[in-house]
Amino acid sequence: MAHAKLHIPGPVEVSEKTFKAFCSPMIGHRGQGFKDLYAKVQPQLQSLLSTKQLVYLSTSSAWGVMEGAIRNLVSKKVLCCMCGAFSDKWLDVAKRCGKNAEGLQVDWGSPVRAAQIDARLASGEFDALTLIHNETSTGTMSPIDEIAGLKKKYPNVMFIVDAVSSMSAVDLKFDELGIDVLLAGTQKAFAMPPGLAVFVCSPAALAKAATIKDRGYYFDFVEFQKNAAESMTPSTPSIAHIYALSSKLDDFFQEGLEARYSRHLRLAKMTREWALNQGFNLFPEAGFESVTLTCINNGAKPGNKRTVDVAKLQKLVKEQGILIDGGYGKIKGTTFRLSNMGDETDATMKQLYTALDNAMQKL
Ligand SMILES: *Cc1c(COP(=O)(O)O)cnc(C)c1O
């Protein structure tokens, strides 16, 4: 079957160049060749995340590190900020790890605000919090600067941040933010095949992890640090992914990070405009729209102006060779999502809008 171009919010379309790098001849993971490869991507990752800390490579999807962060850093109780399917799930995952966990739930489509978190942390019950920067299920971004600002008031609380669908599309300065963990899976804005996660920890997080029992081995942050210091990973990594990452990071710096960030913002704005012009409105609260995907209100939220048969829309768009997303979790069908993350350009986005326009005429 012909390949349908991915405009779903992950995995996203992977370039020929990236695939070619992915298919590099295999090397041993304890040899100099691998160390050289990791040592080459390390400063690029540190530059991407504006950090002096070592950036770790985890052969897992993002959830591996999300669960790992809970197992490494929670001893008293974790506050899970919840505003969509992924962030809601993190509470469940924390409980499955046997941790005390509590949710701070806001309406889907709303961001989580610092004042709400502050009110809960003030109880002194918590030693960690989880936050999803860009809630992919609702296309909503929470204000990371404002929230990270709370770290000064609560230095002993571990701030664990998922930037799975925003890392490399938005400037995230890890050291300056002062948070404790920042993580992403590479099948989203990095536009790589799924199966690799990158993450970074603060010195405080590493010190805390060292005091926590039962953190296991595969996702032991102390092991990641020890190995990364020698340009290695704790276990045999997906070396193919790291070749792909190396190629991808070269792409990022060739484009320029600022250009990359403004491209994502520009394309997201174009998609929002397409939706508004078609008579839809957006699902996220105004001012908190994601820059990597657009979540369109198709009835999930009161006040929608237009409603379409999303399954039919998907089908009509797919007939033109493009896959779009029909909404996630409890807002499946009452929203739909269009991704602009990764390697998309003005030209490729225009192809998407043309396909959508054609489809809309047949609805
Ligand atoms: C996709 C996604 C995840 C889950 O990633 P996996 O790679 O499936 O583990 C977690 N958080 C966010 C925000 C996501 O978009």
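Everything numeric here is computed off the predicted structure, so don't read it as measured data.

Colleague: Describe the pattern of salt bridges, listing the residues and the values that go with them.
Modeller: Taken as a whole, this structure holds 23 salt bridges when the rule is applied. The partner of Arg 120 in a salt bridge is Glu 102, with the nearest N and O atoms 2.9 Å apart. Placement of the pair is Arg 120 in helix 5 (residues 114–121) and Glu 102 in strand 4 (residues 101–105), with a sequence separation of 18 residues. Asp 180 is the salt-bridge partner of Lys 151, the closest N and O atoms lying 2.6 Å from each other. Taken together, the positions of Lys 151 in the loop between helix 6 (144–148) and strand 8 (158–162) and Asp 180 in the loop between helix 7 (174–177) and strand 9 (181–185) put the pair 29 residues apart, joining distant regions of the chain. On the basis of relative accessibility, which here comes to 1%, the residue Asp 180 falls in the buried class. In the salt-bridge network here, residues are joined through shared partners; they are Lys 17, Lys 248, Asp 251 and Asp 343.

Colleague: Before we move on, could you go through the sheet that holds strand 11 (residues 281–282) and cite the residues and values that matter?
Modeller: Here we have 3 strands laid out as an open sheet, ordered 11-12-14, and antiparallel in their pairing. Looking at the sheet topology across the chains shown, the edges are occupied by strand 11 and strand 14 (335–339). Across 5 bridges, strand 12 (residues 293–297) lies against strand 14 in antiparallel orientation. Opposite Thr 294, over in strand 14, you have Leu 338 as the bridge partner. In the packing of helix 11 (residues 257–277) onto the sheet, the strands contacted are strand 11, strand 12 and strand 14, and the crossing angle to strand 12 comes to about 20 degrees.

Colleague: Mind laying out the site of the ligand, listing which residues take part and the relevant values?
Modeller: Close to the ligand lie 13 residues; Ser 61, Thr 136, Asp 162, Gln 187 and Lys 188 are nearest. At a separation of 2.9 Å, an oxygen atom of the ligand approaches a polar backbone atom of Trp 63. A distance of 2.4 Å separates an oxygen atom of the ligand from a polar atom in the side chain of Thr 136. With 3 residues, helix 3 (residues 62–73) is the single largest residue contributor to the shell around the ligand. Looking at the shell around the ligand residue by residue, the classes come out as 6 nonpolar, 5 polar and 2 charged.

Colleague: Outline the state of the cysteines, listing residues and values.
Modeller: Taken as a whole and judged by the stated rule, the model has 0 disulfides. Not part of a disulfide, Cys 80 finds its nearest cysteine sulfur in Cys 81, a span of 7.7 Å. The buried category is assigned to Cys 80, whose relative accessible area is 0%. For the unlinked cysteine Cys 97, the closest cysteine sulfur is that of Cys 80, found at 10 Å.

Colleague: Any details on the side chain of Arg 263? Residues and values, ideally.
Modeller: Residue position: Arg 263 is located in helix 11. On the accessibility criterion, Arg 263 (9% relative accessible area) is buried. Only 3.0 Å separates the side chain of Arg 263 from the backbone oxygen of Gly 342, close enough to count as a polar contact. Setting aside anything within four residues of it in sequence, one finds Arg 263 in contact with Glu 255, Gly 342, Asp 343 and Glu 344.

Colleague: Please give an account of the nonpolar core that cites residues and values.
Modeller: In terms of nonpolar packing, the biggest core is built from 84 residues, with Ile 117, Leu 182 and Phe 221 touching the most fellow members. Counting residues per element, this core draws most heavily on helix 10 (residues 239–255), at 7 residues. For Ile 117, the contacting residues outside a window of four places in its chain are Leu 79, Cys 81, Leu 104, Val 112, Leu 129, Ile 147 and Leu 150. Of all hydrophobic cores here, the second largest spans 23 residues; its members include Met 270, Val 308, Val 310 and Ile 324.

Reading guide: rules and limits
- Residues numbered from 1 in each chain as written.
- Predicted model: local features only at pLDDT ≥ 70, side-chain atom pairs only at ≥ 80, totals over all residues.
- Heavy atoms only, no water.
- Salt bridge = Lys/Arg side-chain N within 4 Å of Asp/Glu carboxyl O.
- Helix = DSSP H or I, 4+ residues; strand = E, 2+ residues; numbered from the N terminus.
- Buried < 20%, exposed > 50% of the residue type's maximum accessible area, 1.4 Å probe, protein only.
- Pairing = 2+ DSSP bridges.
- Contact = heavy atoms within 4.5 Å.
- Axes fitted to C-alpha atoms, helices over the stretch in contact; angles between N-to-C directions.
- Near = heavy atom within 4 Å.
- Polar contact = N/O pair within 3.5 Å; in protein donor to acceptor, adjacent residues only side chain to side chain.
- Nonpolar A, V, L, I, M, F, W, Y, C, P; charged D, E, K, R; others polar.
- Disulfide = S-S within 2.5 Å.
- Core = buried A, V, L, I, M, F, W, Y, C linked by side-chain atoms within 4.5 Å.

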